[in-house]
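# Chains, contacts and geometry: an overview
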Amino acid sequence: MVEHAILSSVEADFASDADAWHQRAQWPMRQAECGRMDPKEAEARSMEVYQSALSELKVPEIFERFVDFLRSRCAVAAEADADVCGDREGTLGREALMTKLEDAYMMAERVGAHSPHLAVGRAALLVELGKSDHAAEVLAAACQEEACRGSARVWSAALQLAAQRKSDNVDLLADMSVQALHAVPDSEALDLWAQIFEMHALLDMQAKPLLNLLEQRLSVTCLHLGDVAAMAVEWLVATEGLNEGREFYKRLLVLPGPSLTLFNSCIRLEDAAAQAKAFGDGITPELKRVRLLLEAAIALYGSQDAALWLQLAQCERRAFGKEGKVYWRAIKQLIDPAEFIGAYKSMA
């Protein structure tokens, strides 16, 4: 067969490549899907190829593919177990497959094959087997491994498990949160920040250390942290109230290069507070805050963002019943005013 010949060539030319071994191991399963091989025989053959690959390579990539294969076979076995009238499509039951899965993770640890995928997968398996303490140890060790210490996925799993197991020990969780945010690159940490904010709110943890860390980071660089800053302000308003959120965003906006996302969040929060005031009341304190935020945002982003000018026009109309010079300022400052012009006309 042509496919078999290709796989034989791959075996000869890429003997040290995990993807090549994976393709060889998957070939019997593809044959079974097409009805050209018995499913039980296919599973057994695939298992043999993976086992040979593990003895040859001992690298994280091949262990990842093997545990994913075992997980898929566990799902098939579980379905067969649930269907008492159905035929089992594999040679092994779910319990035996779970044992092989645990053995594979332990073998990876013995040979020093570490990766975020393996650490999180092993921890999930241990929790499933009722071994939460061991799972926590696995994740704690992974957080210190070179291959995993910068992984948001590993820290996220570790924090989630710690929160479930030790929700009363908030000092431990606070320390873990700070360690995680120091270890994970800012470019990959947005979801981790969101998880930590949520955890702090659910467990009524002190917000100050977390906010101080964010403020410190933003004082150095705003790169990748604009969305986090906006999230922090909204979270603080939701948990502590608008006054606390306002004091915090004022500190952030004087740091270098506040993001448009942060400005938009602040504007949205202050605009919501101003909505209670009647149309035409003049420049109320609430509208004044909105107006100041819009002008500050326009100073940085007014040449490109038409939405800021439209919001400023609406703000002026709400305060004074007219837009004043907003239209001509926008036309002059925007690089491409076409979007603004069209939207402005629809406001009339």
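Residues numbered from 1 in each chain as written. Predicted model: local features only at pLDDT ≥ 70, side-chain atom pairs only at ≥ 80, totals over all residues. Heavy atoms only, no water.

### Considerations on the overall build of the protein chain
Broken down by element type, the protein chain carries 18 helices and zero strands. When burial is assessed residue by residue, the protein chain has 42% of its 348 residues classed as buried. Looking at the protein chain alone, contacts between residues at least 24 apart form 59% of all its contacts between residues at least 6 apart. Element-wise, carbon and sulfur atoms account for 51% of the exposed surface of the protein chain, whose accessible area totals about 18,100 Å². (Helix = DSSP H or I, 4+ residues; strand = E, 2+ residues; numbered from the N terminus. Buried < 20%, exposed > 50% of the residue type's maximum accessible area, 1.4 Å probe, protein only. Contact = heavy atoms within 4.5 Å. Areas by Shrake-Rupley, 256 points an atom, 1.4 Å probe, with all protein chains shown as cover.)

### A word on empty space enclosed by the protein
Taking a probe equal in size to a water molecule and rolling it over the atoms shows the remaining empty space. With the rule as written, the count across this model stands at one cavity of 30 Å³ or more. The calculated volume of the largest cavity comes to roughly 60 Å³. (1 Å grid on protein atoms, 1.4 Å probe; cavity = no way out; pocket = protein on both sides within 12 Å on 5 of 7 lines; lining within 4 Å. Points joined across faces, edges and corners; volume = space filled by probe spheres on them.)

### So, the environment of Ala-238
Position of Ala-238 relative to the elements: it lies in helix 12 (residues 226–240). Expressed as a C-alpha distance, the spacing of Ala-238 and Ala-201, which sit 37 residues apart in the sequence, is 9.4 Å.

### Remarks on the packing of aromatic side chains
In the structure shown here, the tally under the stated rule is nine aromatic pairs. Summarising the aromatic geometry, the rings of Tyr-327 and Phe-340 are spaced 5.8 Å apart at their centres and angled 40° between planes, so their arrangement reads as tilted. Taken together, the positions of Tyr-327 in helix 17 (residues 326–333) and Phe-340 in helix 18 (residues 338–347) put the pair 13 residues apart, joining distant regions of the chain. For Phe-340, a relative accessible area of 0% gives the class buried. In textbook terms, an aromatic cluster arises when at least three aromatic residues are bridged by ring pairs, as seen for Tyr-327, Trp-328, Phe-340 and Tyr-344. (Phe/Tyr/Trp six-rings, centres within 6.5 Å; stacked < 30°, edge-to-face > 60°.)

### What to know about the environment of Asp-68
Within the fold, Asp-68 resides in helix 4 (residues 60–82). Its relative accessible area of 40% is what places Asp-68 among the partly exposed residues. Taking the C-alpha atoms as reference points, Asp-68 and Leu-118, 50 residues apart in sequence, are found 9.7 Å from one another. Of note is the side chain of Asp-68, whose polar atom sits 2.9 Å from the side chain of His-117. (Polar contact = N/O pair within 3.5 Å; in protein donor to acceptor, adjacent residues only side chain to side chain.)

### With respect to the side chain of Glu-64
Its location among the elements puts Glu-64 in helix 4. No salt bridge is formed by the buried Glu-64; the nearest opposite charge belongs to Arg-65, separated by 4.4 Å. Not counting residues within four places of it along the chain, the set of residues in contact with Glu-64 comprises Ser-115, His-117 and Leu-118. (Lys, Arg positive; Asp, Glu negative; His and termini not counted. Salt bridge = Lys/Arg side-chain N within 4 Å of Asp/Glu carboxyl O.)

### What about the packing of helix 15 (residues 285–301) against helix 16 (residues 306–320)?
Where helix 15 contacts helix 16, the two axes come as close as 10 Å, and the packing angle between them is 155°. As the angle between them shows, helix 15 and helix 16 are arranged roughly antiparallel. Regarding helix 15 and helix 16, the two cross each other, and that crossing is left-handed. Counting all contacts with helix 15, which are made through Leu-287, Val-290, Arg-291, Leu-294, Glu-295, Ala-297, Ile-298 and Tyr-301, the residues of helix 16 involved are Leu-308, Trp-309, Gln-311, Leu-312, Cys-315, Glu-316, Arg-318, Ala-319 and Phe-320. Classifying every residue of the contact of helix 15 with helix 16 gives 12 nonpolar, one polar and four charged. (Axes fitted to C-alpha atoms, helices over the stretch in contact; angles between N-to-C directions. Parallel < 35°, antiparallel > 145°, perpendicular 65-115°, else oblique. Left-handed = near helix turned anticlockwise from the far one by under 90°. Nonpolar A, V, L, I, M, F, W, Y, C, P; charged D, E, K, R; others polar.)

### Regarding helix 17
Buried within helix 17 we find Val-326, Tyr-327 and Ala-330. End-on, the buried residues of helix 17 take up no more than an arc of 100°, which puts them together on one face. Away from the buried face of helix 17 by more than 90 degrees, exposed residues Trp-328 and Lys-332 are located. For helix 17, the elements touching its buried residues are helix 16 and helix 18. (Arc of directions from axis to C-beta.)

### Brief notes about the nonpolar core
In this structure, Trp-193 and Phe-340 are the most contacted members of the largest nonpolar core, which totals 77 residues. Setting aside chain neighbours within four positions, we find Trp-193 in contact with Leu-181, Leu-210, Leu-213, Leu-214, Leu-225, Val-228 and Met-231. Formed by 31 residues, the second largest nonpolar core is a distinct cluster that contains Val-67, Cys-74, Leu-97 and Ala-104. (Core = buried A, V, L, I, M, F, W, Y, C linked by side-chain atoms within 4.5 Å.)

### Brief notes about the pattern of salt bridges
Evaluated as defined, the whole model comprises 15 salt bridges. Among the ionic pairs, Arg-71 bridges to Glu-128, the shortest N-O distance being 3.1 Å. With Arg-71 in helix 4 and Glu-128 in helix 6 (residues 116–128), the pair connects residues that are 57 residues apart, well separated along the chain. Among the salt bridges present, the one from Glu-295 reaches Arg-329, with a minimum N-O distance of 2.9 Å. Of this pair, Glu-295 sits in helix 15 while Arg-329 sits in helix 17, and the two are 34 residues apart along the sequence. On the accessibility criterion, Glu-295 (28% relative accessible area) is partly exposed. A network of salt bridges, in which partner residues are shared, links Arg-71, Arg-94 and Glu-128.

The analysis is restricted to geometry; functional conclusions fall outside its scope.
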